[in-house]
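# Topology and contacts: notes
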Amino acid sequence: MKNLLALITLLFFISVHSQTLLLPDRVFDGVEVHENWSVLVEGNRITQVGVRGSLQVPSGTVEISLKGKTLMPGIIEGHSHILLHPYNETSWNDQVLKESPVERSIRATNHVRESLMAGITTMRDLGAEGAGYSDVYIKKSIDQGIIPGPRLIVAGPAIVATGAYGPKGFHDGVTVPLGAEEASGNDVISTVRRQIGNGADLIKIYADYRWKTGAASQPTFSIEEMKLMVETAKSAGLYAVAHASTAEGMRRAIFAGVETIEHGDGATPEIFELMKKNNVALCATLAAGDAIAQYSGWNKSSDSEPSRIIEKKKSFKAALDAGVEILFGGDVGVFPHGENYRELELMVEYGMKPIMALQAATAVNARVFHLDNLGLIKTNHLADLIAVEGNPVKDISMMRDVSLVMKDGVVYKNVN
Ligand SMILES: [Zn+2]
């Protein structure tokens, strides 16, 4: 029913205006808050921004009143998996083994629509998890206007060291559809090139993983192997990111030249120093850890915090104190698509100022992901804009209800 309503809203509100004047109470431009500002959009660009009444508004401009609301850049989700759905519905193993890429892609069409309706206008999707290049084809479907969804930046299958990834637990005669593409030694070069040729926008490397089910993570690729992958990606104009949760995996990935580290749970103070020195940003994926702890039986309202959560809080605070660049990315897909706000709330709960969390979700993610014309409300930037009730800088939970979504100058949602 919720989905049906969303679809009706969507069909009703999709409309292209050549000029739209947005009149909120305030504008968060990706950096700071400006009271009483308004924004003019012409075509798919922001053309004027400033104090209400000071803009040169052409005749025939459509006005959208956003009384009581804050207008801000569309949110840039830094770590999603559109081809996964919550593990408390179906385990990761069963999704990879029992749901066909067709079924997973059909589910993904719902996931990208839910994301857009939640104010996510750009999404960095970090691995199809066994669904091949379905992310590339879903991106193409969105770009062609076949289905609504955010601008996608996709990793394709992602790359794991031979033998390191799952699903595991089968004898060696069983061919298992792995959750990522395996490579080792010099073969990593052809693997990167193939993934780029097939449409990957970036290369995701698993710098560590649990080699055996239930075991602790251990490093996988050598520095040399990761360097080859990073250099191959860079020479094609792309960048590489690393899944890493061990200090050694992170250290190797940093020296190899990746631009972002995903998860980063086991980082030491030395690792955070190295990240800062080498301009490597951290996507901490707090919401995934929080969701998984709850799936394993943690009742947030009555139980004390499990040790993994306590450790993650400490580690996030240490990253903040060390001045590591923090990204917004929750590993959404582990928890429901469209609930991306969970990461923002946890970033604040774990010690970040709300305005910093909002900057991470807009201007910082745009800069780190090389999205030169997104993440800011600024003249000539693309018109990806959202509105929320009240002031999210004062109360981050306002991000739960996004009432206006505009992507590329097109209004996809406008509810009061
Ligand atoms: Zn992930």
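What you are looking at is a predicted structure, and each value in this text was computed from that prediction instead of being measured.

## Considering the overall build of the protein chain
When helices and strands are tallied, the protein chain shows 12 helices and 20 strands. Taken against the 2.2 N^0.38 rule, which gives 22 Å for 416 residues, the C-alpha radius of gyration of the protein chain at 21 Å falls within 12% of a compact globule. Going through the 416 residues of the protein chain one by one, you find that 51% of them count as buried. In the protein chain, once contacts between residues fewer than 6 apart in sequence are set aside, the share between residues at least 24 apart is 69%.

## Quick notes on helix 12 (residues 354–368)
Between its first and last C-alpha atoms helix 12 spans 19 Å; for 15 residues at 1.5 Å apiece the expected length is 21 Å, and the two agree. At A360, helix 12 shows its maximal kink, close to 50°. With 12 of its 15 residues buried, helix 12 lies for the most part within the structure. Along helix 12, the positions that sit buried rather than exposed are P354, A357, L358, Q359, A360, A361, T362, A363, V364, N365, A366 and V368. Those residues of helix 12 that are buried are in contact with strand 2 (19–28), strand 6 (62–73), strand 7 (75–80), strand 16 (260–263), strand 17 (281–283) and helix 11 (341–349).

## Quick word on the domain arrangement of the protein chain
Accessible area lost when the parts come together is the quantity often used to give the size of an interface. Partitioning the protein chain into domains gives domain 1 (2–74 + 375–414) and domain 2 (75–339). Computed from C-alpha atoms alone, the centre-to-centre distance between domain 1 and domain 2 is 31 Å. Across the boundary between the two partners, domain 1 contributes 12 residues, which contact 10 residues of domain 2. Elements with a contribution of two residues or more to the side of domain 1 that touches domain 2: helix 1 (2–13), strand 19 (402–407) and strand 20 (410–414).

## Thoughts on the sheet that holds strand 8 (residues 120–125)
Across the sheet, 3 strands lie side by side as 7-8-9; this open sheet has parallel pairing. In the strand order of this sheet, the two ends are held by strand 7 and strand 9 (151–154), each with one partner. Each strand of the sheet is rotated relative to its neighbour by a mean of 15°, with strand direction disregarded. When strand 7 meets strand 8, the two strands line up parallel, connected through 4 bridges. In the strand pairing of strand 8, S80 is matched with D125.

## Observations concerning the packing of helix 11 against helix 12
Axis separation between helix 11 and helix 12 bottoms out at 9 Å; the angle between their running directions is 140°. One way to sum up the angle between helix 11 and helix 12 is to call them oblique. Helix-helix and strand crossings are classified by hand; for helix 11 and helix 12 the assignment is right-handed. Along the contact surface, helix 11 presents L344, M347 and V348, while helix 12 presents P354, A357 and A361. Looking at side-chain class alone, the contact of helix 11 with helix 12 contains 6 nonpolar, no polar and no charged residues.

## A closer look at the pairing of strand 20
With 4 bridges joining them, strand 19 and strand 20 adopt antiparallel strand pairing. The partner of K407 across the bridge, within strand 20, is V410. Where strand 19 folds back on strand 20, the antiparallel hairpin that results is connected by 2 residues, among which D408 adopts a positive phi of roughly 55°.

Cut-offs and rules
Residues numbered from 1 in each chain as written. Predicted model: local features only at pLDDT ≥ 70, side-chain atom pairs only at ≥ 80, totals over all residues. Helix = DSSP H or I, 4+ residues; strand = E, 2+ residues; numbered from the N terminus. Rg over C-alpha atoms; globule rule 2.2 N^0.38 Å. Buried ≥ 20, exposed ≤ 12 C-beta atoms within 10 Å, placed from the backbone. Contact = placed C-beta atoms within 7 Å. Expected span 1.5 Å × (residues − 1). Bend = angle between axes of the 7 residues up to and from the residue. Domains from an automatic or database assignment. Pairing = 2+ DSSP bridges. Axes fitted to C-alpha atoms, helices over the stretch in contact; angles between N-to-C directions. Parallel < 35°, antiparallel > 145°, perpendicular 65-115°, else oblique. Left-handed = near helix turned anticlockwise from the far one by under 90°. Nonpolar A, V, L, I, M, F, W, Y, C, P; charged D, E, K, R; others polar.

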